[in-house]
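Spelled out, the chains give:
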Amino acid sequence: MQKIDLHSHTLVSDGSLSPLQLLQRAQANAVDILAITDHDSIEAYQQLGNQALNGLRLIAGIELSTQWRGVGVHIVGLNIDLTSTSILSGVAQQEQARSERAQLIYQRLTKLGLAIDFERVKEIANQSNIGRPHFAQHLVEVGAVKNMATAFKKYLGDGKPGDVKQCWAELPQIVEWIVGAGGVAVLAHPLKYKLTRTKLSVLLDDFIAAGGSGMEVVSGQQNKDETNKLARLCNEKNLLASCGSDFHQPSQWSEIGTMAAFPSECEPVWAAW
Ligand code: AMP
Ligand code: MN
Ligand code: MN
Ligand code: MN
């Protein structure tokens, strides 16, 4: 049985391990096929360069941020050509969006009376690719909240002042960048959006119309009912199925290479690679 993990993060975005540390951890956990999918960045691959893979198969990936009908949605791009103008210009645009968004988040949180040191937030984010978790970490360290979960609940989560979504490129544009780079566009963690069955179905239809061709049927920690539900939806929509831990850091959420069993009735996204 091959171990496949097509969704993971490094400190290039909001993970805690360097790209090399992540690769080594995946190898130690006997992962056969790995995709690093940092938020709106492919820098991990640039940092890895020609690093020896010792039998592990590394698939070029990314997780792009967008919104659909006011819901923050993530699209994973897999098997993309990292040198293509399509993905390079897309990443440049998202980088700009992320930096403008960080300014907006800073202004909004400051208006609430929170004492945010923006320079410190940048430092936590290693000076680039600032995300909400970096603000959350800062809120914890200055004692404004007791932990990250509360930071999201009060200030950064869905519908809260720090939840800024309008900067991202639109869904069709995001899919076009991935497909233009020769990759497969996959809807990430479909259950995380807390949509009704009907609304999720409409999102998938819009995604497919834009050129999307896959969805994650296994993501992070998931129970059997959830996997069955997603597997049915995936086949109903004739989509390829992907799986990924969404690993961010050791001892938080899911471990790299560890997830629920892949449903055998689905067509794996990696079958054609
Ligand atoms: P951003 O890319 O800035 O929109 O931040 C989204 C990231 O925040 C997600 O990918 C998660 O890693 C993290 N996140 C989302 N919700 C929570 C939460 N409740 N607690 C901690 N981290 C979270
Ligand atoms: Mn994240
Ligand atoms: Mn995500
Ligand atoms: Mn992710």
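In the block above lies the structure referred to throughout.
Below you will find a few notes about this structure. Because the structure is a prediction, the values reported are computed rather than measured.

About the thresholds
- Residues numbered from 1 in each chain as written.
- Chains lettered and ligands numbered in written order.
- Predicted model: local features only at pLDDT ≥ 70, side-chain atom pairs only at ≥ 80, totals over all residues.
- Heavy atoms only, no water.
- Buried < 20%, exposed > 50% of the residue type's maximum accessible area, 1.4 Å probe, protein only.
- Helix = DSSP H or I, 4+ residues; strand = E, 2+ residues; numbered from the N terminus.
- Pairing = 2+ DSSP bridges.
- Right-handed = clockwise from strand over helix to strand, strands pointing away.
- Donors = N, O, S within 2.8 Å, 3.2 Å for Na, K, Ca; no water.
- Near = heavy atom within 4 Å.
- Polar contact = N/O pair within 3.5 Å; in protein donor to acceptor, adjacent residues only side chain to side chain.
- Contact = heavy atoms within 4.5 Å.
- Axes fitted to C-alpha atoms, helices over the stretch in contact; angles between N-to-C directions.
- Tetrahedral: all angles 85-135°; square planar, octahedral: opposite > 155°, others 65-115°.
- 1 Å grid on protein atoms, 1.4 Å probe; cavity = no way out; pocket = protein on both sides within 12 Å on 5 of 7 lines; lining within 4 Å.
- Points joined across faces, edges and corners; volume = space filled by probe spheres on them.
- Phe/Tyr/Trp six-rings, centres within 6.5 Å; stacked < 30°, edge-to-face > 60°.
- Lys NZ or Arg CZ within 6 Å of the ring centre and 35° of its normal.
- Core = buried A, V, L, I, M, F, W, Y, C linked by side-chain atoms within 4.5 Å.

Notes on the pairing of strand β6 (residues 214-219)
Taken residue by residue, a regular strand's side chains alternate between the two faces of the sheet.
At step 1: Counted residue by residue, β6 has six buried out of six residues, so it is predominantly covered.
At step 2: Sheet analysis places strand β5 (residues 184-187) next to β6, joined by two bridges and oriented parallel. Paired with Leu 187 across the strands is Met 215, a residue of β6.
At step 3: A crossover links β5 with its parallel partner β6, the connecting element being helix α8 (residues 197-209), and its sense is right-handed.
At step 4: Chirality of the crossover, the property in question, places the unit of β6, helix α9 (residues 224-236) and strand β7 (residues 240-244) among those that are right-handed.

Remarks on the coordination of the manganese ion (ligand 4)
At step 1: Donor atoms from the polypeptide that coordinate the manganese ion (ligand 4) comprise His 7 (NE2), His 9 (NE2), Glu 63 (OE) and Asp 246 (OD), at 2.1 to 2.2 Å from the metal.
At step 2: Taken in sequence order, the residues that donate to the manganese ion (ligand 4) follow the motif H-x1-H-x53-E-x182-D.
At step 3: Using a relative accessible area of 0% as the deciding quantity, one classes His 9 as buried.
At step 4: Residue Glu 63 is classed as buried on the basis of its relative accessible area of 1%.

Describing the site of ligand 1
At step 1: Close to ligand 1 lie Asp 14, His 39, Arg 98, Arg 101, Gly 131, Arg 132, Pro 133, Phe 152, His 248 and Trp 253, which account for all nearby residues.
At step 2: Here an oxygen atom of ligand 1 and a side-chain polar atom of Asp 14 are 3.0 Å apart.
At step 3: A distance of 3.0 Å is found between an oxygen atom of ligand 1 and a side-chain nitrogen or oxygen belonging to Arg 98.
At step 4: Every element with two or more residues in the shell around ligand 1 is listed here: α3 (85-111) and α5 (132-141).

Observations regarding the sheet that holds strand β1 (residues 4-5)
At step 1: The strand order across the open sheet built from seven strands is β1-β2-β3-β4-β5-β6-β7, with neighbouring strands paired in mixed fashion. Across the chains shown, the open sheet's two edge strands, defined by having one partner strand only, are β1 and β7.
At step 2: Where β6 lies against β7, five bridges are found, and the strand directions are parallel. Across the sheet, Met 215 pairs through a bridge with Ala 241, a residue of β7.
At step 3: Relative to the sheet, helix α7 (residues 171-180) contacts β3 (57-68), β4 (71-78) and β5, its axis offset from that of β3 by approximately 165 degrees.
At step 4: Relative to the sheet, α8 contacts β3, β4, β5 and β6, its axis offset from that of β5 by approximately 170 degrees.

Things to note about the coordination of the manganese ion (ligand 2)
At step 1: Protein coordination of the manganese ion (ligand 2) is provided by Asp 14 (OD), Asp 14 (OD), His 39 (NE2) and His 248 (NE2), with donor distances spanning 2.1 to 2.7 Å.
At step 2: Coordination at the manganese ion (ligand 2) is irregular, judged from the six donor atoms that bind it and the angles of 51 to 155 degrees they form at the metal.
At step 3: Sequence spacing of the donor residues for the manganese ion (ligand 2), all on one chain, is D-x24-H-x208-H.
At step 4: A gap of 5.6 Å separates the manganese ion (ligand 2) and the manganese ion (ligand 3). Taken together, the residues span a long stretch of sequence, with Asp 14 in the loop between β1 and α1 (19-28) and His 39 in the loop between β2 (33-36) and α2 (43-48) at a distance of 25 residues.
At step 5: A residue is classified by how much of its surface remains accessible, and Asp 14, at 16% relative accessible area, is buried.

A word on the layout of surface pockets
At step 1: Roughly 200 Å³ of volume is contained in the second largest pocket.
At step 2: If you go around the second largest pocket, the residues you meet are Met 1, Gln 2, Lys 3, Ile 4, Cys 243, Gly 257, Thr 258, Met 259, Ala 260, Ala 261, Phe 262 and Trp 270.

Let's talk about the packing of aromatic side chains
At step 1: Counting across every chain of the model gives three aromatic pairs.
At step 2: With 4.8 Å between their ring centres and 15 degrees between their planes, Tyr 106 and Phe 118 make a pair best called stacked. Here the residue Tyr 106 occupies a position in helix α3, and Phe 118 occupies one in helix α4 (residues 118-124), the gap between them amounting to twelve residues.
At step 3: According to the relative accessible area criterion, Phe 118 is buried, its value standing at 10%.
At step 4: Connected via pairs of aromatic rings, a cluster forms that spans Tyr 106, Phe 118 and Phe 135.
At step 5: Positioned above the aromatic ring of Trp 253 is the side chain of Lys 192, whose terminal nitrogen or guanidinium carbon lies 5.9 Å from the ring centre.

Here we look at the nonpolar core
At step 1: With 64 residues, the main nonpolar core has Ile 75, Leu 187, Leu 203, Met 215 and Val 217 as its most contacted residues.
At step 2: For Leu 187, the contacting residues outside a window of four places in its chain are Val 73, His 74, Ile 75, Tyr 193, Leu 200, Leu 203, Leu 204, Phe 207, Gly 214, Met 215 and Glu 216.
At step 3: Counting residues in hydrophobic clusters, the runner-up holds 17 residues, among them Ile 105, Phe 118, Ile 130 and Leu 139.

Describing the pairing of β3
At step 1: Burial of β3 is extensive: ten of the twelve residues sit out of reach of the surface.
At step 2: One ladder, built from eight bridges, connects β3 with β4; its direction is antiparallel. In the strand pairing of β4, Trp 68 is matched with Val 71.
At step 3: Connecting β3 to the antiparallel partner β4 that follows it, the hairpin turn spans two residues, and Arg 69 within it adopts a positive phi of roughly 50 degrees.

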